[in-house]
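Here is what each chain is made of, one letter per residue.
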Amino acid sequence: MTRVNANVRQAVLLPALVLLGVVSTAVGSLGAPLLPTIVADLHVSLATSQWALTISLIAGAVAAPLLGRLGDGRRRRETILCALAVVALGCVLSALPLGFEWLLAGRALQGVGLGLVPLAITAARDGLPERKQGSGIALIGVTTAAGLGVGYPVAGLITAYGGLAAAFWFGAALTVVTIGIAAWVLPPNPDRRPRRLDAVGLALLTVAIVALLLACSQGPQWGWTSPALVSAVVVAVLVTCAWMWWELRHRAPLVDVRLLRHPSVLAADVMVVLVGAGIYPLLSLVVRYAQTSPNAGYGYGYSAALAGVMLVPYSVGSFVASRLAVRAMRRFSLEALTAASSVVLIAAMALFLTTRAHLVPLLVCMGLAGFGIGVVFAVNPAQIHRGVPPQETGSANSFYQVLRYVGYSVGSALSATLLVVHTPDGSNIPTENGYAAAAWEGIFALVVAVAAALLLSLNARRRKGAGAERFSDRPRCGGEFRARAGFPDTRSSRDGGRFPHEGDLTKPKVTPRG
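This structure is a prediction, so every number in the text was calculated from the model and none was measured. (Residues numbered from 1 in each chain as written. Predicted model: local features only at pLDDT ≥ 70, side-chain atom pairs only at ≥ 80, totals over all residues. Heavy atoms only, no water.)

With respect to the overall build of the chain
Part 1: Looking only at helices and strands, one finds 23 helices and 0 strands in the chain.
Part 2: Burial status across the chain gives 55% buried among its 514 residues.
Part 3: Surface summary for the chain: the accessible area is close to 21400 Å², and the carbon and sulfur share equals 66%. (Helix = DSSP H or I, 4+ residues; strand = E, 2+ residues; numbered from the N terminus. Buried < 20%, exposed > 50% of the residue type's maximum accessible area, 1.4 Å probe, protein only. Areas by Shrake-Rupley, 256 points an atom, 1.4 Å probe, with all protein chains shown as cover.)

Focus: the packing of helix 14 (residues 263–279) against helix 18 (residues 334–355)
Part 1: The interhelical angle for the contact between helix 14 and helix 18, taken along N-to-C directions, is 5°, at an axis separation of 11 Å. Between helix 14 and helix 18, the angle is such that the two are roughly parallel. In this structure, helix 14 contributes Ser264, Ala267, Met271, Val275, Gly278 and Ile279 to the contact, and helix 18 contributes Glu335, Thr338, Ser342, Leu345 and Met349.
Part 2: Here the contact of helix 14 with helix 18 is built from residues that sort into 6 nonpolar, 4 polar and 1 charged. (Axes fitted to C-alpha atoms, helices over the stretch in contact; angles between N-to-C directions. Parallel < 35°, antiparallel > 145°, perpendicular 65-115°, else oblique. Contact = heavy atoms within 4.5 Å. Nonpolar A, V, L, I, M, F, W, Y, C, P; charged D, E, K, R; others polar.)

Let's talk about the side chain of Glu441
Part 1: Of note, Glu441 is situated in helix 21 (residues 432–465).
Part 2: For the buried residue Glu441, which engages in no salt bridge, the nearest side chain bearing the opposite charge is Arg288, 13 Å off.
Part 3: Apart from residues no more than four positions distant in its own chain, Glu441 is found in contact with Ala277, Pro281, Gly411, Leu414, Ser415 and Leu418. (Lys, Arg positive; Asp, Glu negative; His and termini not counted. Salt bridge = Lys/Arg side-chain N within 4 Å of Asp/Glu carboxyl O.)

Digging into a nonpolar patch on the surface
Part 1: Taken together, the side chains of Leu306, Val309, Val312, Val316, Val320 and Leu324 make up a nonpolar region of the molecular surface, amounting to roughly 440 Å² of accessible area.
Part 2: Residue assignment for the nonpolar patch shows that the elements contributing at least two residues are helix 16 (304–309) and helix 17 (312–329).
Part 3: Top element by residues in the nonpolar patch is helix 17. It accounts for 4 residues.
Part 4: Tracing the backbone shows Val312 in helix 17. (Patch = residues over 30% accessible without salt bridge, like charges linked within 9 Å, V, L, I, M, F, W, Y side chains within 5 Å.)

Some details on the environment of Ala451
Part 1: With respect to the secondary-structure elements, Ala451 resides in helix 21.
Part 2: Using a relative accessible area of 38% as the deciding quantity, one classes Ala451 as partly exposed.
Part 3: C-alpha separation for the pair Ala451 and Ala339, spaced 112 residues apart in sequence, amounts to 7.8 Å.

Some details on the environment of Val207
Part 1: Following the sequence through the fold, Val207 ends up in helix 12 (residues 199–222).
Part 2: Relative accessible area serves as the criterion here: at 40%, Val207 is assigned to the partly exposed category.
Part 3: Taking C-alpha positions, Val207 is 9.7 Å from Trp243, a pair spaced 36 residues apart along the chain.
Part 4: Excluding its chain neighbours within four sequence positions, the residues that come into contact with Val207 are Val235 and Val239.

Quick word on the packing of aromatic side chains
Part 1: Tallying each qualifying case throughout the model produces 9 aromatic pairs.
Part 2: Between Tyr289 and Tyr300 the ring centres are 6.0 Å apart and the planes differ by 80°, which places this aromatic pair in the edge-to-face class. Residue Tyr289 is located in helix 15 (residues 281–291), and its partner Tyr300 is located in the loop between helix 15 and helix 16; the two are separated by 11 residues in the primary sequence. With respect to class, Tyr289 is no different from Tyr300; both count as buried.
Part 3: Relative to Tyr408, the ring of Tyr405 has its centre 6.3 Å away and its plane inclined at 55°; by these criteria the two rings are tilted. Here the residue Tyr405 and the residue Tyr408 both occupy positions in helix 20 (residues 393–421), the gap between them amounting to 3 residues, near one helical turn.
Part 4: Members of the aromatic cluster, each reached through a chain of ring pairs, are Tyr289, Tyr298, Tyr300, Tyr302, Phe352 and Tyr435.
Part 5: Over the aromatic face of Phe352 sits the side chain of Arg356, whose NZ or CZ is 5.6 Å from the ring centroid.
Part 6: One Lys or Arg, Arg404, reaches over the ring of Phe377 and ends 3.9 Å from the middle of that ring. (Phe/Tyr/Trp six-rings, centres within 6.5 Å; stacked < 30°, edge-to-face > 60°. Lys NZ or Arg CZ within 6 Å of the ring centre and 35° of its normal.)

A look at helix 12
An α-helical turn contains 3.6 residues, so any two residues separated by three or four positions project in the same direction.
Part 1: The largest bend along helix 12 measures about 40° and falls at Cys216, with the proline Pro220 one to four residues further on.
Part 2: Regarding helix 12, the residues found buried are Gly201, Leu202, Leu205, Ala208, Ile209, Ala211, Leu213, Leu214, Ala215, Cys216, Gln218 and Gly219.
Part 3: Check the buried side of helix 12 and you find it contacts helix 5 (51–71), helix 13 (227–249) and helix 20.
Part 4: Backbone geometry just after helix 12 places Gly223 at a positive phi near 100°. (Bend = angle between axes of the 7 residues up to and from the residue.)

Details of the nonpolar core
Part 1: Counting residues in each nonpolar core, the largest one holds 111 residues, and the members touching the most others are Leu17, Ile140, Ile279, Leu282, Phe352 and Phe377.
Part 2: Here this core takes 12 residues from helix 19 (residues 359–387), the largest share from any one element.
Part 3: Not counting the four nearest positions on each side in its chain, Phe352 is found in contact with Leu282, Leu285, Val286, Leu362, Cys365, Tyr435 and Ala439.
Part 4: Listed in part, the 19 residues of the second largest apolar core include Cys91, Leu103, Ala167 and Ala172. (Core = buried A, V, L, I, M, F, W, Y, C linked by side-chain atoms within 4.5 Å.)

Points about the pattern of salt bridges
Opposite charge on two side chains permits them to pair, given that their charged atoms come into close proximity.
Part 1: In the structure shown here, the tally under the stated rule is 1 salt bridge.
Part 2: When the shortest N-O distance is used, the salt bridge between Arg356 and Glu432 registers 3.4 Å. Placement of Arg356 in the loop between helix 18 and helix 19 and of Glu432 in helix 21 is noted, with a sequence separation of 76 residues between them.
Part 3: Here Glu432 falls in the partly exposed class, since its relative accessible area comes to 27%.

Re unusual backbone geometry
Most peptide bonds adopt trans geometry, and most residues besides glycine take a negative phi value.
Part 1: Notably, His43 is not glycine yet its phi reads approximately 55°, a positive angle.
Part 2: Tracing the sequence through the fold places His43 in the loop between helix 3 (31–42) and helix 4 (46–49).

Overview of the confidence of the model for the chain
Part 1: Of the residues in the chain, 86% have a pLDDT of 70 or more, and the chain-wide mean is 80.
Part 2: Confidence scores differ between elements of the chain, with helix 23 (residues 502–506) showing the lowest mean pLDDT of 37 and helix 6 (residues 76–95) the highest of 92. (pLDDT = per-residue confidence, 0-100.)

Considering the packing of helix 2 (residues 13–28) against helix 11 (residues 164–185)
Part 1: Between helix 2 and helix 11, whose axes approach to 10 Å, the crossing angle comes to 150°. The angle between helix 2 and helix 11 places the two elements in the roughly antiparallel class. Helix 11 is crossed by helix 2, and the crossing has left-handed handedness. Where helix 2 abuts helix 11, its residues Leu13, Ala16, Leu19, Leu20, Val23 and Val27 lie against Gly171, Leu174, Thr175, Thr178, Ile181 and Val185.
Part 2: Here the contact of helix 2 with helix 11 is composed, by residue class, of 9 nonpolar, 3 polar and no charged. (Left-handed = near helix turned anticlockwise from the far one by under 90°.)

Quick look at the side chain of Thr79
Part 1: In this structure, Thr79 sits in helix 6.
Part 2: Accessibility expressed as a relative area gives 9% for Thr79, which makes it buried.
Part 3: Discounting residues that sit within four places of it in the chain, Thr79 has contacts with Leu67, Leu70, Gly71 and Leu119.

What follows is the structure, given as structure tokens:
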């Protein structure tokens, strides 16, 4: 009976981890479709209500490295369950009629859940059978994109019929259900040597993240040349340098920055910043455009709930991409896939730029955006795992998550500034030229992403040609799939160098055919 239960738990592990990623991301994004309701119900300005978004993003970026390091240790289950409990508490605080300050406190606690996806990836790497790890981790990787497309329309519909509190009560109930499922199916904690938490590294990284995200999110309100913004940028740069100096010298760093130099890990980190800055603003642009009254000369005049439904193709496209990406990784290099995906994202932004006045092309635009970002987010974990050992998976993925939020914040800040610049005095509605300018900003960032991906792909080919055997010369087996998908075969890893798995991928042992 015990063995049957164990088999059932393993069978539902992947759906449970996907649910964990979707729920944590959807709850963390609850603030965006609720801003108009927050302004009306809590009697705050639109600029003040934006803190309901900013504070959760900052909390998620700060929590991600801490959760990632704890998840790499011997308390992964407890870390995941406690983080979910914090998210549930945050939903309750936001739902209670305690005022805007308590709602912000709740939103900060909800933001902790944004750091759970790297832990879900780590649990999948340790708990799933080898044949399912590639597709499973790719699917979990896109939950951060799909969760946004799920959270926006659901939150909008619930708020339209039940009010602001109902949306947060729903989030609390969904999180509690996720806690119960996770407690049942999560694999046992890994048997690893305990490590001391790098408190100094965590404090330095927290200061750097908060300063940078504040500068990005508040730039349109403060002014890009204001003393407050310049001070925040200077603090972010100086503290980041101090953090890297500390991490390089600490015996048990919060993030092993030496691993970040691995070409595959570097490629994932660079691409997530550029792609995030290029495509993330599209979500808010589409929702805002759809809600604008046609009296402004453009827009559809949709309600918040109906405007949120516009993002459903985004979620569908990202999930489809996660299934196709695994097959593509068997035939093409990971860097080439990210370059091709960036081209798809450019096509999506070009559709928004030229055909946003028509509903069907706009829905196609969202589907393309979801597909492109889904491939990128499916491939990036494979790139990271190519260059890090299992005991560093959570930490490396969490740092990648921080960089994703940096890209999101930069893109959102630039697009918001462009909309403000194209808003006439005395009006809250930007001209349609503002949307065009924001689309061009996204296209520029994605063009840079394509160029970066091609350069990184060229570098990978040079490294491969310098002494690496082609994958087509290896026997077709499960280990080959893991290598080609970027997941190192941990069973053959015996070296303890800076890049523990690089030898397994670049100089594999040749086994005769037959």
